[in-house]
Amino acid sequence: MKLNGYICIYLYALYTNTISSSLSTGSGGKQKLEIPDSQNNEANFPRFAEPIPNITVTVGRDALLACVVDNLKGYKVAWVRVDTQTILSIHHNVITQNPRIILTHNDHRSWYLHIREVEESDRGWYMCQVNTDPMRSRKGYLQVVVPPVIIESLTSNDLVVREGTNVTLQCRAKGFPEPYVMWRREDGNEMSINGENVNVVDGEILSVTKVSRLHMAAYLCVASNGVPPSISRRVMLKVQFPPMLSIPNQLEGAYVGQDVILECHTEAYPASINYWTTERGDMIISDTSRAGDKYETISTNSGYSKFMKLKIRNVGPNDFGFYRCVAKNSLGETDGMIKLDEIAAPTTTLTTELTFLSKIKNRIIKKPNQAIVDYTDEWRNGENDYNGDYMQSSRSPPSIRHPPGAFHNTAIASRVLTAVTNRNEIFIRLISLISCTLFIQFYFMRFMTSVTVNR
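Residues numbered from 1 in each chain as written. Predicted model: local features only at pLDDT ≥ 70, side-chain atom pairs only at ≥ 80, totals over all residues. Heavy atoms only, no water.

### Concerning the overall build of the chain
Here is the rule we go by: Secondary structure elements are taken from DSSP: a helix is a run of H or I of four residues or more, a strand is a run of E of two residues or more, and numbering for both begins at the N terminus. Only protein chains enter the accessibility calculation, which uses a 1.4 Å probe; a residue whose area is less than 20% of its type maximum is buried, one above 50% is exposed, and one in between is partly exposed. Note on contacts: a residue pair qualifies if any of its non-hydrogen atoms lie within 4.5 Å across the two residues. Each accessible area value is a Shrake-Rupley result obtained with a 1.4 Å probe; residue values ignore everything except the protein chains displayed when judging cover.
Across its full length, the chain carries 4 helices and 28 strands. A buried classification covers 31% of the 455 residues belonging to the chain. Put simply, 60% of the contacts in the chain that link residues at least 6 apart link residues at least 24 apart. In the form shown here, the chain has an accessible surface area of approximately 29,200 Å², with 54% of it arising from carbon and sulfur atoms.

Okay, here's the thing in structure tokens:
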């Protein structure tokens with residue numbers, strides 16, 4: 001079959017050469033058939049100037065095969081598809097009926113075979129022939145690569161499963177070369193597969209044993225084969241489970257008049273309906289449109305988790321007791337109790353007095369001389385010619401003006417100073433008594449030890 005194809009090419013070349021000669025001489029003249037000299041001199045034969053390179057083209061692009069022949073003279077050039085024995089072109093003429101095939105040439109030396117919008121079926125060997133005897137030829141390979149494509153009919157869709165079941169996700173892809181397929185989480189977190197935490201699972205199959213809510217995520221099937229672009233398919237895995245509830249503090253304390261916040265955390269899928277009830281079972285409904293409402297409920301969602309808060313403003317005697325946090329979905333219901341107890345309100349008078357005494361102590365006791373001198377120098381009356389010496393001056397010292405906020409009642413300041421000083425003295429005496437007791441105890445133990453040794 002292959003030999004017959006080459007014979008056909010040669011005969012067709014001779015035929016076209018004969019027709020062109022007859023047209024040039026006219027119908028009445030002699031037909032002159034130009035046949036190359038058949039002597040064995042190699043210089044008279046055509047020769048290929050360079051090999052036909054193998055080329056790689058992405059499907060859908062254009063391909064170009066080049067055949068360069070020197071010393072062609074009157075010989076003919078033909079392009080042939082080797083695997084199918086299809087004649088594509090002979091000299092200046094395209095023989096094939098494929099509209100995507102185009103032939104161009106340059107200076108009777110370079111012959112180009114163009115294949116537009118290459119298809120996978122175009123992959124194979126192509127031969128450039130010259131009708132010498134024996135025939136001369138060169139071959140080049142056209143490689144057609146195909147970027148990966150995910151086969152939708154063989155790839156998993158979004159799944160909703162119950163917690164604790166086994167799950168298998170599959171992803172099929174095609175392309176040339178054969179694509180490499182892997183699975184990963186869309187958020188980039190690790191996957192817990194058979195007790196191991198991994199970032200990527202190789203292969204078309206992703207199997208999860210006893211799926212849990214931690215597996216709930218979007219998964220990406222990624223296919224690549226070195227031919228851009230890579231492609232991915234997103235599969236959402238949703239895991240159903242009944243509500244679960246946790247309470248950070250089951251006992252809260254507040255005093256009358258205080259604002260307090262109760263917290264409750266829940267997890268559920270499908271999403272649960274959450275609400276608060278009082279000790280009597282009444283549902284607490286907050287109206288955020290009304291400012292200063294007694295109750296305010298706050299809910300924040302994060303995936304399958306929900307964070308609930310109940311704010312109680314201006315707690316009164318009737319607000320103490322139990323509050324219930326409730327979560328419901330189609331798979332179940334759960335609740336939790338929080339007790340709100342009354343605590344004593346802080347004493348503001350005692351706090352004020354302690355703060356006041358601390359300020360006075362830091363100002364007078366720690367640096368008494370410096371504080372008094374600075375105070376006097378700053379508010380001295382410059383109208384008197386007082387020289388600063390109480391004992392030698394014949395006149396009494398000048399009056400002192402009190403700065404803004406200073407005490408005008410000397411008796412009060414004196415009593416405060418005396419109280420602070422007495423407290424410091426009591427503290428020093430207590431330290432001395434403790435030290436003396438430890439000293440006596442130490443020597444008594446040494447005495448008892450020595451007596452025991454002498455015995």
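Don't stop here, the text continues.
### Focus: the sheet that holds strand β1 (residues 47-48)
Selection rule: By this definition, two strands are paired if DSSP reports at least two bridges between them.
Across the sheet, 4 strands lie side by side as β1-β3-β8-β7; this open sheet has antiparallel pairing. This sheet does not close on itself; its edge strands, each paired only once, are β1 and β7 (101-106). With 6 bridges joining them, strand β3 (residues 63-70) and strand β8 (residues 110-115) adopt antiparallel strand pairing. In the sheet register, Leu 64 faces β8, and the bridge partner there is His 114.

### Focus: the side chain of Ser 156
One can find Ser 156 in the loop between β10 (136-150) and β11 (159-162). You can call Ser 156 buried: its relative accessible area is 12%. The contact partners of Ser 156, leaving out residues within four places of it in the chain, are Thr 168, Leu 169, Gln 170, Arg 233 and Val 235.

### Some points on the pairing of strand β14 (residues 180-185)
Where β14 lies against strand β19 (residues 217-224), 6 bridges are found, and the strand directions are antiparallel. Each bridged residue has a counterpart across the sheet, and for Trp 183 the counterpart in β19 is Cys 221. Relative to strand β17 (residues 201-202), β14 is paired through 2 bridges, and the arrangement is antiparallel. In the strand pairing of β17, Trp 183 is matched with Val 201.

### A word on the pairing of strand β25 (residues 295-302)
In this structure, β25 lies alongside strand β26 (residues 305-312), joined through 8 bridges in antiparallel fashion. Each residue of the ladder has a partner; that of Glu 296, found in β26, is Lys 311.

### Examining the pattern of salt bridges
Applied cut-off: In the sections that follow, a salt bridge refers to a side-chain nitrogen of Lys or Arg positioned within 4 Å of a carboxyl oxygen of Asp or Glu.
Counted by the stated rule, this structure contains 17 salt bridges. Across the salt bridge formed by Asp 83 and Arg 81, the nearest N and O atoms sit 2.8 Å from each other. Arg 233 is the partner of Glu 152 in a salt bridge, and the nearest nitrogen-oxygen pair spans 2.3 Å. With a gap of 81 residues between them, Glu 152 in the loop between β10 and β11 and Arg 233 in strand β20 (residues 231-246) connect regions that are remote in the sequence. Counted as one network, the salt bridges with shared partners bring together Arg 100, Glu 119 and Asp 122.

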